[in-house]
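One letter stands for each residue in the lines below.
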Amino acid sequence: MKQLLEGNHAVSMGVLRSRVQVIPAYPITPQTHISELLAQFASDGTMDARYIKVESEHSAMAACIGAATAGARTFTATSSQGLALMHELLHWAAGGRLPIVMACVNRTLGAPWNIWNDQSDSMSQRDTGWLQFYCEDNQDCVDSVLLAYAVAERVFTPAMIILDAFILSHTTEAVDVPDEMTADRFLPPLNNPHAIDLDSPRAFSPVVAPDHFTEVKYRQFDAARRALTVIDEENRRFKEIFGRSYSSIETYRTDGAETIIAACGAVCGTIRAAVDRLREEKTPVGMLKVRTFRPFPSELITDAVSGVSTVFVLDKSVIPGQGGPLAQEIRAALYDANKRPRVIGAVAGLGGRDITVDLICEAIRGLEKTKDTPQPFFLGMKK
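The structure displayed is predicted, hence computed values, not measured ones.

Cut-off values and rules
- Residues numbered from 1 in each chain as written.
- Predicted model: local features only at pLDDT ≥ 70, side-chain atom pairs only at ≥ 80, totals over all residues.
- Heavy atoms only, no water.
- Helix = DSSP H or I, 4+ residues; strand = E, 2+ residues; numbered from the N terminus.
- Expected span 1.5 Å × (residues − 1).
- Bend = angle between axes of the 7 residues up to and from the residue.
- Buried < 20%, exposed > 50% of the residue type's maximum accessible area, 1.4 Å probe, protein only.
- Polar contact = N/O pair within 3.5 Å; in protein donor to acceptor, adjacent residues only side chain to side chain.
- Pairing = 2+ DSSP bridges.
- Axes fitted to C-alpha atoms, helices over the stretch in contact; angles between N-to-C directions.
- Parallel < 35°, antiparallel > 145°, perpendicular 65-115°, else oblique.
- Contact = heavy atoms within 4.5 Å.
- Nonpolar A, V, L, I, M, F, W, Y, C, P; charged D, E, K, R; others polar.
- Core = buried A, V, L, I, M, F, W, Y, C linked by side-chain atoms within 4.5 Å.
- Salt bridge = Lys/Arg side-chain N within 4 Å of Asp/Glu carboxyl O.

Once that is clear, we can look at helix α7 (residues 138-155). Since one α-helical turn is 3.6 residues long, residues separated by three or four positions face the same way. For α7, with 18 residues, the first-to-last C-alpha span of 26 Å sits near the 26 Å given by 1.5 Å per residue. The largest bend in α7 is about 35°, located at S144. Along α7, 17 of the 18 residues are buried, which leaves the element largely enclosed by surrounding structure. Where α7 starts, the residue carrying a side-chain oxygen 3.3 Å from the main-chain nitrogen of Q139 turns out to be D137.

Printed below as a string of C-alpha cells:
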C-alpha cells in the first residue's frame, strides 16, 4: 500500500516488515525519527521487538553485537559523530560475521560543527568490513532494509543502508510499503547456525593466534567478495516478488555517451535532470549510479564505462590532500582495463551545500578547459 513517508520513516517501515527482534538505539540528528518510530512500534505492540535505550552509539552497537550473537535479527541507526563513536565496534561486528543491519543517515563529520548532509561519515567507515548500499529515494530506503537483511544473512556480514540527511530523511514521498505476507515471503525468519546454543557451549570472539588469524580474515574477505553475486541473486528475487529492481550499479542514458557522470546517493536524481538538459543541448553525456559501494563492483563499473572518453566522478566527501573516495575507487577499478577513460574527480555538496542542475551542467560544459587543472575540482567554491 502506498503511503506518504519521509525517508527516515521509510526505513522504520522496512525494519517493521523485516520483523526485527532487537533495536538498540541512541538518538542523533538527523536519524532520530527512525528510532522514535521504532520505539513507538515496540511500545504499542506493532512490533514484537525489544527496544533498548542505551547511553551512547558505542553501547548501541555493543548491544547489537550481543543480540546478533544470540541469534536475533538486529537493527540500529545513527549518523555522523555517532557512527564515528561506533568505529571500534563496527570492526567487531564485521569480524564476528554478524548480519546486523544499520541505517546511516549521512551527515557531515566534524570539525567544524555542522548538522547538514554530505557523505563523509559513511565513507570514513568504508574499510570496516560492512556492506554499504546508497539509497537514491524513499522507496529505495524501505526496500533496501529488506534487501540488506537478505544479503547480510546469507554471507554473514553486516550491512549499512545509507540515505542523505534531510534530502531524503526529512522529505516526504509516496512509498509502496510491502504488506506483511509478501515481505515474509521474501525475507524468512533468521536462522543463524552460528548463534549461541546452550546445548552446545563454545567461545565467541576468542583470541586467535597468528597460525589461524590470516585464515579467519581470508574467510571474511571472501564472504564480502561473494556478496556481489548474492546481491545480484537477491535483487532478481526481489524483482520477481515486488516488481522493483536494485542492481549494484545503474546507468542512465549512456547509449552514445562520451562522458559519464558517476555518483552515489540522492544526488543521482539531480544528475538525471542535468543529463536530460545536456542531452537537449546535444552533449553526449550519461550517468552511472553506484548503489553498492562495499564490496566495490569494479567489474560492473569497468564494463559500464568501456568506450567512453571521460568519467566525471562527483564525490560528496573528500580525503584531505587526496581527493574523493568514489573517484579513487573508480580509478583503481579501471587500472587494469585495456582502454581506460580519463577519470576526473570533483567534490561538491560538502556540509549541506546544494548541488544544482546548473552546477553540474556548468562543470560538464567546461570539461575541455580542465585538462591541466589539478584535481579534484571543488564545484561551486566561493572565490
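And the narrative resumes.
For sheets, the rule is that strands pair by backbone hydrogen bonds, running either parallel or antiparallel. Spatially, five strands are ordered β4-β5-β7-β6-β12 in an open sheet, and the strand pairing comes out mixed. The open sheet has two edge strands, β4 (75-78) and β12 (292-294), and neither has a second partner. Between one strand axis and the next, the sheet turns through 25° on average, direction left out of account. Sheet topology places strand β5 (residues 101-106) next to strand β7 (residues 159-164); six bridges connect them, and they run parallel. Note on β7: the bridge partner recorded for M102 is M160.

As for its position among the elements, N138 is in helix α7. Within the local environment of N138, its side chain forms a polar contact with the backbone oxygen of T171, the two atoms lying 2.8 Å apart.

One can describe the packing of helix α3 (residues 57-69) onto helix α5 (residues 87-95) by two numbers: an axis separation of 9 Å at closest approach and a directional angle of 10°. Here α5 runs roughly parallel to α3, going by the angle between their axes. Facing α3, whose interface residues are H58, M61, A62 and I65, α5 presents E88, L89, L90, W92 and A93. Of the residues in the contact of α3 with α5, the class split is seven nonpolar, one polar and one charged.

Our focus in this paragraph is the nonpolar core. V11, V15, M47, F75 and F186 are the most contacted members of the largest nonpolar core, which has 51 residues in total. A94, I249, I301 and A327 belong to the second largest nonpolar core, which has 41 residues in total.

Before going further, it helps to spend a moment on the pattern of salt bridges. Counting across every chain of the model gives 22 salt bridges. When the shortest N-O distance is used, the salt bridge between R19 and D184 registers 2.9 Å. In this pair, R19 is assigned in the loop between α1 (7-17) and β2 (22-25) and D184 in helix α8 (residues 180-186), connecting sequence segments 165 residues apart. Here E329 ties to R294 by a salt bridge, and the two come within 2.7 Å at their closest N and O atoms. Here the residue E329 occupies a position in helix α12 (residues 325-334), and R294 occupies one in strand β12, the gap between them amounting to 35 residues. Of the two residues, E329 and R294, both sit in the buried class.

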